[in-house]
Amino acid sequence: MSTEENVQLVKNFFAAMGSGNARDLLALAAEDIEWIIPGEGWPLAGTHRGHAELAAVLQKASEEVEMTYPEPPEFVAQGDRVLVVGVATGKIKATNRAFRDDWVFAITVKNNKVTKIREYIDTPALARASHPARSSNAQP
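Keep in mind the model is a prediction, meaning the values are calculated, not measured.

**Thoughts on helix α3 (residues 50-64)**
Okay, so step 1: Its 15 residues give α3 an end-to-end C-alpha distance of 21 Å, which sits within 8% of 21 Å, the value for a rise of 1.5 Å per residue.
Okay, so step 2: As for α3, its buried residues are in contact with α2 (22-28), β1 (29-37), β2 (46-49) and β3 (65-68).

Here you go:
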């Protein structure tokens, strides 16, 4: 595939993810997709492999996180790699705490499918938003 086709595939992947259309999303992902979300202390962190785990992490995201994208992401590609750079704002539903996440997704495309996603995100901000606020009378 050309670089332009890879970028379009990734744009379609993001559009399917944003619309919540699991069928379209899975059609764009390789059966053995690997999605690595770094960090500790926040609900989506971990390595997610295959269609079942992809669907599960996206379901979990919709249940636990409200997110908006104040501006469209930028797509930069070289060969089979597409970098997507953006910012998200939102809140963790369980804590009602807000966050801002400046992020980069490094995505590999092979055989017309997304095969690997590695996120570079503000995991400390997401972890802080995932933990309930301490009450003002709490002892250190």
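**Observations regarding the pattern of salt bridges**
Okay, so step 1: Scanning all chains against the criterion turns up three salt bridges.
Okay, so step 2: Residue R49 is joined to E34 by a salt bridge in which the shortest nitrogen-to-oxygen separation is 3.0 Å. Remark: E34 occurs in strand β1 and R49 occurs in strand β2; sequence separation between them is 15 residues.
Okay, so step 3: The exposure class assigned to E34 is buried, which follows from its relative accessible area of 16%.
Okay, so step 4: With its nearest N and O atoms 3.4 Å apart, the salt bridge here joins E34 to K116. Linking E34 in strand β1 with K116 in strand β7 (residues 113-120), this pair joins segments that are 82 residues apart in sequence.
Okay, so step 5: Residue class for K116 comes out partly exposed when judged on its relative accessible area of 36%.
Okay, so step 6: What emerges from the salt-bridge pattern is a single network uniting E34, R49 and K116.

**Notes on the environment of V84**
Okay, so step 1: Its location among the elements puts V84 in strand β5 (residues 81-92).
Okay, so step 2: Classification of V84 by relative accessible area gives buried; the value is 0%.
Okay, so step 3: Remark: the alpha-carbon pair of V84 and A106, spanning 22 residues in sequence, is separated by 6.6 Å.
Okay, so step 4: Discounting residues that sit within four places of it in the chain, V84 has contacts with V10, F14, P73, E74, F75, W103, V104, F105 and I107.

**Overview of the packing of aromatic side chains**
Okay, so step 1: Throughout the structure, instances matching the rule amount to seven aromatic pairs.
Okay, so step 2: Aromatic side chains F14 and W103 sit 6.1 Å apart centroid to centroid with 15° between the ring planes, which places their arrangement in the stacked category. Taken as a pair, F14 in helix α1 (residues 3-19) and W103 in strand β6 (residues 97-110) lie far apart in primary sequence, 89 residues in all.
Okay, so step 3: Taking relative accessible area as the criterion, F14 reaches 16% and is therefore assigned buried.
Okay, so step 4: Given the relative accessible area of 5%, W103 is considered buried.
Okay, so step 5: Relative to F105, the ring of F14 has its centre 5.4 Å away and its plane inclined at 45°; by these criteria the two rings are tilted. Highlighted residues: F14 in helix α1 and F105 in strand β6, separated in sequence by 91 residues.

About the cut-offs
Residues numbered from 1 in each chain as written. Predicted model: local features only at pLDDT ≥ 70, side-chain atom pairs only at ≥ 80, totals over all residues. Heavy atoms only, no water. Helix = DSSP H or I, 4+ residues; strand = E, 2+ residues; numbered from the N terminus. Expected span 1.5 Å × (residues − 1). Contact = heavy atoms within 4.5 Å. Salt bridge = Lys/Arg side-chain N within 4 Å of Asp/Glu carboxyl O. Buried < 20%, exposed > 50% of the residue type's maximum accessible area, 1.4 Å probe, protein only. Phe/Tyr/Trp six-rings, centres within 6.5 Å; stacked < 30°, edge-to-face > 60°.

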